[in-house]
Amino acid sequence: MSTRILICDDSALARKQMARALPGDWPVELRFAEHGQDALEQLRQAPADLLLLDLNMPVLDGFAVLEAIRRQDLPVLTLVVSGDIQPEARRRVKALGAMDFMAKPVDRDALARLLQLYGLYQPGAAPLPVPAPIAAGGPLQLHDFLQEIANVAMGRASDLLARLLDTFVHQPIPRVARIARSELSMAISAADGDCFSAVCQGFVGAGLSGEALLLFSDSGMEEMARLLHYEDTPSAPEVEVLMDMSSILFGAFLKGLGDQLDLQLGLGHPGVLGRHRPIATLLEHHSRQSEQLLCIEIPYVLEHHQIHCNLLVLLTEASVHRLEQRLAYLTE
């Protein structure tokens, strides 16, 4: 008898990776959902034995799905598979009824052990089936690939920040777009309103190059200084706050990106671009250049704190070929 599995993730790459991570000798019937609302509708129409659920999705996220499953008493076991690896995220999904949690990208052996632990899978219990095509979506595009690896890298950075500050970081969906440098300030979601301070740091490695920018809202500077235990300093050490934040987010995010691409990124020295200025002013040097960029934008928001910062990772046009090669390798 086959186990009915529903894989819910907004990334086609993640859906394919999760499907391929399932034990090869386990007879299963696979279905796929692209967001939480889709998953709930499918569960109401055709029950599943196991739901593999992402947390960070549009329309309806994984937390809301778990709440709806419990409220509607839908008969399904749920295993959360997410790039959001914060201790608080793990605690919350367990409290909402998830049977367990696994970090992305999924480790095949760890998944098999977990499925055995819950009595869902027994090795060698069925003859090895002929692999069927994995209909998890259309051909993978570079945008989807980059968004998914950015999601995992973002989760590592958020986890480090959450542990350091003893807080919970809300996980947005990374924004990925090709834009001209001259249009950068207009494309940033935080461009209106508050003044910002900015730190930049270049990186390069095995055909990949670019720069990371941290744009930190002035309205949250004093509160961030307190969280970093600078409250006893006579005046808020703004440069130290900026450097601490950039070190945490740049280092963890770029390492996470490099690990998934199987390359090591060398980092340049960080530098302060400017302080207490509108974003357009901070990014004025970009406005005079027409080069096309791949831009990853991640707006970070700390729960219960008026702290907002945007991490931008700007990949050069020359990096696109390296990323396309990696995508081709992963989808062979």
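Predicted model only: the values in this text are computed from it and were never measured.

Draft legend 1. Representation of the overall build of the protein chain within the structure. Helix and strand content of the protein chain: eleven helices and 13 strands. Against the 2.2 N^0.38 benchmark of 20 Å for 332 residues, the protein chain shows a C-alpha radius of gyration of 21 Å, consistent with a compact globule. In terms of its C-alpha atoms, the protein chain occupies a principal-axis envelope of roughly 65 × 45 × 30 Å. Considering only contacts in the protein chain between residues 6 or more positions apart, those separated by 24 or more positions represent 73%. For the protein chain, the computed accessible surface area is about 15000 Å², with 52% contributed by carbon and sulfur atoms. Averaging the locations of the 27 positively and 42 negatively charged side chains of the protein chain gives two centres separated by 4 Å.

Draft legend 2. Expanded view of unusual backbone geometry. A cis geometry characterises the amide bond from Lys-104 onward to Pro-105, with omega recorded as -15 degrees. Following the sequence through the fold, Pro-105 ends up in the loop between strand E5 (100-103) and helix H5 (108-117). Positive phi outside glycine occurs at Val-59, with the angle close to 70 degrees. By the element assignment, Val-59 lies in the loop between strand E3 (50-53) and helix H3 (62-72).

Draft legend 3. Local environment of the packing of aromatic side chains. Counting across every chain of the model gives one aromatic pair. In this structure, Arg-92 is placed above the aromatic ring of Phe-168, and the distance from its NZ or CZ to the ring centre is 4.1 Å.

Draft legend 4. Focus on the environment of Met-1. Along the polypeptide, Met-1 turns up in the segment before strand E1 (3-8). For Met-1 and Trp-26, which are 25 residues apart along the polypeptide, the C-alpha to C-alpha distance reads 9.9 Å.

Draft legend 5. Region of the structure containing the side chain of Arg-322. Inspection of the secondary structure assignment puts Arg-322 in helix H11 (residues 319-330). The buried charged residue Arg-322 lacks any salt bridge partner; its closest oppositely charged side chain belongs to Asp-262, at an N-O distance of 6.6 Å. Of note is the side chain of Arg-322, whose polar atom sits 3.1 Å from the backbone oxygen of Ala-206. When residues no more than four places from it in sequence are discounted, the contact partners of Arg-322 are Ala-206, Gly-207, Leu-208, Leu-261 and Leu-263.

Draft legend 6. Looking closely at the sheet that holds E5. The strand order E2-E1-E3-E4-E5 describes an open sheet built from five strands, whose pairing is parallel. At either end of the open sheet lies a strand with only one pairing partner, and these are strand E2 (28-33) and E5. Across the sheet, the axes of successive neighbouring strands diverge by a mean angle of 20 degrees, strand direction being ignored. One ladder, built from six bridges, connects E1 with E2; its direction is parallel. The residue of E2 that forms the bridge with Leu-6 is Arg-31.

Rules of the game
Residues numbered from 1 in each chain as written. Predicted model: local features only at pLDDT ≥ 70, side-chain atom pairs only at ≥ 80, totals over all residues. Heavy atoms only, no water. Helix = DSSP H or I, 4+ residues; strand = E, 2+ residues; numbered from the N terminus. Rg over C-alpha atoms; globule rule 2.2 N^0.38 Å. Contact = heavy atoms within 4.5 Å. Areas by Shrake-Rupley, 256 points an atom, 1.4 Å probe, with all protein chains shown as cover. Lys, Arg positive; Asp, Glu negative; His and termini not counted. Charge placed at Lys NZ, Arg CZ, Asp CG, Glu CD. Phe/Tyr/Trp six-rings, centres within 6.5 Å; stacked < 30°, edge-to-face > 60°. Lys NZ or Arg CZ within 6 Å of the ring centre and 35° of its normal. Buried < 20%, exposed > 50% of the residue type's maximum accessible area, 1.4 Å probe, protein only. Salt bridge = Lys/Arg side-chain N within 4 Å of Asp/Glu carboxyl O. Polar contact = N/O pair within 3.5 Å; in protein donor to acceptor, adjacent residues only side chain to side chain. Pairing = 2+ DSSP bridges. Axes fitted to C-alpha atoms, helices over the stretch in contact; angles between N-to-C directions.

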